[in-house]
Amino acid sequence: MTVRLFALTCGHLDLDMAAMIEDGTGRERVPVPTFLIEHPRGRVLYDTGMHPVLQTDPAERLGAARAARFGFDYQVGEEVSGRLESMGRDPAGIDHVVTSHLHFDHSGGNGLIPNAELIIQRPEWEAGMNPEVATQFGLDPRDLELGHPVRQVDGEHDIFGDGRVVCIPTPGHTPGHQSLRVRLDGGEIVLAGDACYFCRTLRERKLPARVYDRAAMHASLERLAELERGGARIFFGHDPEFWRTVPQAPAEIAF
Ligand SMILES: [Zn+2]
């Protein structure tokens, strides 16, 4: 039985590095990654990238003030459904979307994947549904209200029951952030999402300027470090240097 993993880059963001990591300066262009996992019993996406309206009018969706903080390099065809189609996969054939968290560059493409079950940690769902918390931490509940069946999970969730594709809670960046462990034939890869933006975040334990819970984020980084010590490879959330080393779909990622 084989599990296959593919990386899909769904546009880029230009952003202020001081917000991304302690001691950061200047601006940097970072990738917006999503991942396709093919298991014999179903297809899984880890995150869906940005809403397609951000290709033309980010302020329409994010509001002018928020949109102005980012530069958007997001072209037609780079949305998650376009990326899937260009590798010969039908967006309607995706069975599960694992939502790392409810930020616009992670769950914004949910509407492009019509038939999937959304898998989200319960604290993230609850925070998204609490208008005060959602506004304060930039969570967008609209991405949960598109008619998908939503599976709220508490803690680890083994999607196929065989240990090959397992959601693990990595809170701190947001209340219910989750990462995804993917066991390939050669070894395990952990898709960290925004629990760890950069390689340096893990090595130097330097956090972004604004997070939901710093202590929880440190604990999540320690969890990732522990998985790495156990032999797993960590895939960072928005690391341009690291991303250059990742084969892009339709090429398959080997361990
Ligand atoms: Zn992000």
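For every chain, the first residue of the written sequence is number 1, and numbering continues from 1 onward in sequence order. This being a predicted model, a pLDDT of at least 70 is required before a residue's local features are given, and a value of 80 or more before pairs of side-chain atoms are given or counted; all residues contribute to the totals for chains, interfaces and linings. Calculated side-chain values reflect all of the structure's heavy atoms, with hydrogen atoms and water omitted.

Paired strands, in this sense, are two strands between which DSSP finds at least two bridges. Put simply, DSSP marks the helices as runs of H or I at least four residues long and the strands as runs of E at least two long, and each gets a number from the N terminus on. Strand order in the open sheet formed by seven strands is β4-β1-β2-β3-β5-β6-β7, and the pairing between neighbours is mixed. The sheet terminates laterally at β4 (71-73) and β7 (150-153), the two strands that pair on one side only. The average undirected angle you get between the axes of adjacent strands in this sheet is 25°. Bridge count between strand β3 (residues 42-46) and strand β5 (residues 96-98): three bridges; the pairing is parallel. Looking at the pairing, Leu45 lines up with Val97 of β5. Contacts are assigned to residue pairs that have any heavy atoms within 4.5 Å of one another. Axes here mean lines fitted to C-alpha atoms, for a helix over just the part in contact, with angles spanning 0 to 180 degrees between N-to-C directions. Relative to the sheet, helix α6 (residues 122-129) contacts β6 (117-121) and β7, its axis offset from that of β6 by approximately 95°.

Only Asp105 (OD), His106 (NE2), Asp194 (OD) and His238 (NE2) from the protein coordinate the zinc ion, and they sit 2.0 to 2.3 Å from it. Around the zinc ion, the four donor atoms sit at angles spanning 83 to 164°, and that spread fits a shape best called irregular. Note that water is not among the atoms used; donors are N, O and S atoms within 2.8 Å of the metal (3.2 Å for Na, K and Ca), so sites may look incomplete. Counting the intervening residues between successive donors of the zinc ion yields the motif D-H-x87-D-x43-H. Taken together, the positions of His106 in helix α5 (residues 104-107) and His238 in the loop between β12 (233-236) and α10 (240-243) put the pair 132 residues apart, joining distant regions of the chain. Here's how the labels work: a residue is buried when its accessible area is under 20% of the maximum for its type, exposed when over 50%, partly exposed in between, all with a 1.4 Å probe on protein chains only. Residue class for His106 comes out buried when judged on its relative accessible area of 2%. Sites are called tetrahedral only when four donors show all angles between 85 and 135 degrees, square planar or octahedral only when four or six donors show opposite pairs over 155 degrees and all other angles between 65 and 115, and irregular in any remaining case.

End to end, helix α9 (residues 214-229) covers 22 Å across 16 residues, agreeing with the expected 22 Å (1.5 Å per residue, within 8%). The inward-facing, buried residues of α9 abut β9 (165-169), β10 (178-183), β11 (188-193), α8 (199-204) and β12. Sitting at the head of α9, Asp213 places a side-chain oxygen 3.1 Å from the backbone nitrogen of Ala215. A positive backbone phi angle near 110° is found at Gly231, which sits one or two residues after α9. Take the number of residues in a helix, subtract one, and multiply by 1.5 Å to get its expected span. Polar contacts, as used here, are pairs of N or O atoms within 3.5 Å; protein pairs need one atom able to donate a hydrogen and one able to accept it. Residues neighboring in sequence count only if both atoms are side-chain atoms.

This brings us to the packing of aromatic side chains. Any two rings among Phe, Tyr and Trp, with Trp reduced to its six-membered ring, count as a pair given centres within 6.5 Å; such a pair is stacked if its planes are under 30 degrees apart, edge-to-face if over 60, and tilted if neither. Inspection of every chain in the model, using the stated rule, returns 11 aromatic pairs. Ring geometry for Phe35 against Trp243: centres 5.7 Å apart, planes inclined by 85°, an arrangement best described as edge-to-face. Residue Phe35 is found in strand β2 (residues 27-39), and its partner Trp243 is found in helix α10; the two are separated by 208 residues along the sequence. Take Phe35 and Trp243: they sit in the same class, and that class is buried. One aromatic cluster is present, formed by Phe35, Tyr46, Phe235, Phe236, Phe242 and Trp243 through successive ring pairs. Arg89 extends its terminal NZ or CZ atom over the ring of Phe6, reaching a point 5.3 Å from the ring centre. Only when the NZ of Lys or the CZ of Arg is both within 6 Å of the ring centre and within 35 degrees of the ring normal is a charge said to sit over the ring.

Spatial strand order, β8-β9-β10-β11-β12: five strands in an open sheet with mixed pairing. The sheet terminates laterally at β8 (157-158) and β12, the two strands that pair on one side only. Bridge count for β10 against β11 is four bridges, and the pairing is antiparallel. Its bridge partner lying in β11, Arg181 is registered against Val190. Its contacts with the sheet put α9 on β9, β10, β11 and β12, and the angle it makes with β11 is roughly 165°.

This part takes up the environment of Asp47. Residue position: Asp47 is located in the loop between β3 and α2 (58-62). With sequence-adjacent residues up to four places away left out, Asp47 is seen in contact with Pro33, Thr34, Val98, Thr99, Ser100, His101 and His106. A distance of 2.8 Å separates a polar atom in the side chain of Asp47 from a polar atom in the side chain of His106.

Bear in mind that shape data such as this cannot, by itself, settle questions of function.
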